[in-house]
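Observations on chain architecture
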Amino acid sequence: MKEHEESRLKMALKDLFRGKKQARTTDLPTLWMDQPDIPWNEYPRPQLERDSFLCLNGRWSLKHNGEDWGEILVPYPPESVLSGIEEQGKEGDVLTYERTFTLPGGFRKDRVILHFGAVDQVCTVYLNHRELGTHKGGYLPFSFDITEHLAEGENTLRVEVIDDLNHDLPWGKQSRNRGGMWYTPVSGIWQTVWLESVPENYIRSVKITADMESAAIAIEGGTDHMYLNCDGKRYAITGNTVTVRPENPKLWSPENPHLYRFTLTAGEDEVKGYFALRAIESKVVAGKPRLLLNGRPYFFHGLLDQGYWPDGIFLPGSPEGFTWDVMTMKELGFNMLRKHIKVEPERFYYDCDRLGMIVFQDLVNSGDYFYLRDTALPTVGFQKNTCHPAPSEERKAFFLEHGEGIVTHLRNHPCVLLYTLFNEGWGQHNTQVLYEHFKAFAPDRIWNAASGWFKNSDRDLRSEHIYFGSLELKPKGQKPLALTEFGGCSWPVEGHRFNLDEEYGYQKYTSSADLQAGLSRLYREDIIPQIGSKGLCMTVLTQVSDVEDETNGLVTYDRRVVKVDGAEMRSIANALKAALEADVFTDS
């Protein structure tokens, strides 16, 4: 493997001086480039689904600092090809979106709710020239009750957005100086805008807490008389809570992603949802700490998933793009995706729920990043007693609020089993306090407080990132051992690369066969022996797809070429499973 590695010094210099030379880039159309008049016209909230749905995606007018930028195709950010704009703003710029709508006949019940999937980074929303409210943070949904502001006939909706890439707020991997492992930023509306109408007393939310035997469903809102239909049975609801205990429960796993679908009725309101029965825990088995899925040791064979697309940036051209990613990675033998410092539309998590893909969800970083402190020195071993500056009170408070928002937003999705609090020190602060807080907030999930390094706190995993040199891991204590980033194996496929002049990755290969041979050596010679000898129970390979300069994906950025051999990758997955079974399911 060493003959394929780029030197650490070369990688450091490349990252340090990125952007000094203007690289040639090109558009890469995906399979989902063609757009209907109303893109993403699928119901956006599969865990609380109503018949009432009016999608407001499509053509909006867009002004930039008061000047006309033309029509934009929502929900694509203006920096993207699919938006029709392809322009990047500067700090202090104001984007103003506007469109009109008329409610169709029979749509309106008692209340009308306006929903935004996500708007980056700070927005103020107006309906018929009245301010509805302001929202901060670019990754979570929000809504307004617009009943009292509606006009008969045509209504005018306006959204004003400022995106300064304020590092007191979550910003992920966005950079106006894109290059290397930093990507083109997005601004403004980037998820579905939609309306629903509900009765006066309606179900506002459900909270599902499930294990291997039952699911407890707590309901906010509704009426005094509610009932739930599930699996052919009707359950009366008292005290806004019901527990469903299926006979002969079918457990959810990537191998058998069984979902129990239900209908919840409250007076005139009715919603559909689903739950799954499963559990994750840490336990010592055969003398080694292991992660258990549904009571049995399980090897989490995963990939880093950035969630970027060449034509929509933060979005594929259709929800089918999410389905393609999940199914392609399953066909290659993987059972887990680490969603890397980005929160996706719920359609992604729904695909993982129904198709059977575990999600290891990162919280989204805020705070400043320093290459020497946060990447270069830790990569070569300086990982202790690193000083991170004290965050502002605003940043501390919003990180906590936003993290709770992510967990609350995703808690009903059975695929989401693990969380990362901080990645490689990016914005890391108050680690022990935050670990304790989030572990209490979501005790049924596994929490990795610090992925990679700077592990000066408790956590549920011993997590390492290794891209250079030996992959030999060093178990310590009674925490399951996880290699949460490794590989970065680069092969740029001509005709399918975004950057025509440069490639970015940690191991260099020259063909599909060369790349596959390198991956096979990594897994068969370095990873598999450590499952039994060290108790390794998770790996996260970098990564699902190429992303802009990065050419280290198993598929190209446009998703048109799968670079690896499917049969060999499935054989590797089977070998990982066999190594675990040989270690923990023997009589010795």
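Predicted, not measured: the structure shown is a model, and the values here were computed from it.

1. Here we look at the overall build of the protein
What the protein contains, in helices and strands, is eight helices and 32 strands. In summary, the protein has a C-alpha radius of gyration of 24 Å against a globular reference of 25 Å for 588 residues, a match within 12%. Projected onto the principal axes, the alpha-carbon positions of the protein cover approximately 70 × 60 × 45 Å. In the protein, which comprises 588 residues, the proportion classed as buried is 61%.

2. Quick word on the sheet that holds strand β17 (residues 241-244)
The sheet built from three strands is open, its strands ordered β13-β14-β17 with antiparallel pairing. Every interior strand has two partners, whereas the edge strands, β13 (203-210) and β17, have only one. Between one strand and the next, the sheet's axes are offset by a mean angle of 20 degrees, whatever the strand orientation. In the sheet, strand β14 (residues 215-221) pairs with β17 via four bridges, with the strands oriented antiparallel. In the strand pairing of β17, Ala218 is matched with Thr241.

3. Some thoughts on the pattern of salt bridges
Once the charged atoms of two side chains with opposite charge are near each other, the side chains can pair. Taken as a whole and assessed by the stated rule, the structure comprises 30 salt bridges. Here Arg497 and Glu494 are joined by a salt bridge, their closest N and O atoms 2.9 Å apart. On the basis of relative accessibility, which here comes to 11%, the residue Arg497 falls in the buried class. Residues Glu503 and Lys508 are paired through a salt bridge, measuring 3.8 Å at the closest nitrogen-oxygen approach. Glu503 gets classed as partly exposed once you look at its relative accessible area, which sits at 23%. Counted as one network, the salt bridges with shared partners bring together Arg45, Arg50, Glu196 and Asp269.

Quick notes on the rules
- Residues numbered from 1 in each chain as written.
- Predicted model: local features only at pLDDT ≥ 70, side-chain atom pairs only at ≥ 80, totals over all residues.
- Heavy atoms only, no water.
- Helix = DSSP H or I, 4+ residues; strand = E, 2+ residues; numbered from the N terminus.
- Rg over C-alpha atoms; globule rule 2.2 N^0.38 Å.
- Buried < 20%, exposed > 50% of the residue type's maximum accessible area, 1.4 Å probe, protein only.
- Pairing = 2+ DSSP bridges.
- Axes fitted to C-alpha atoms, helices over the stretch in contact; angles between N-to-C directions.
- Salt bridge = Lys/Arg side-chain N within 4 Å of Asp/Glu carboxyl O.

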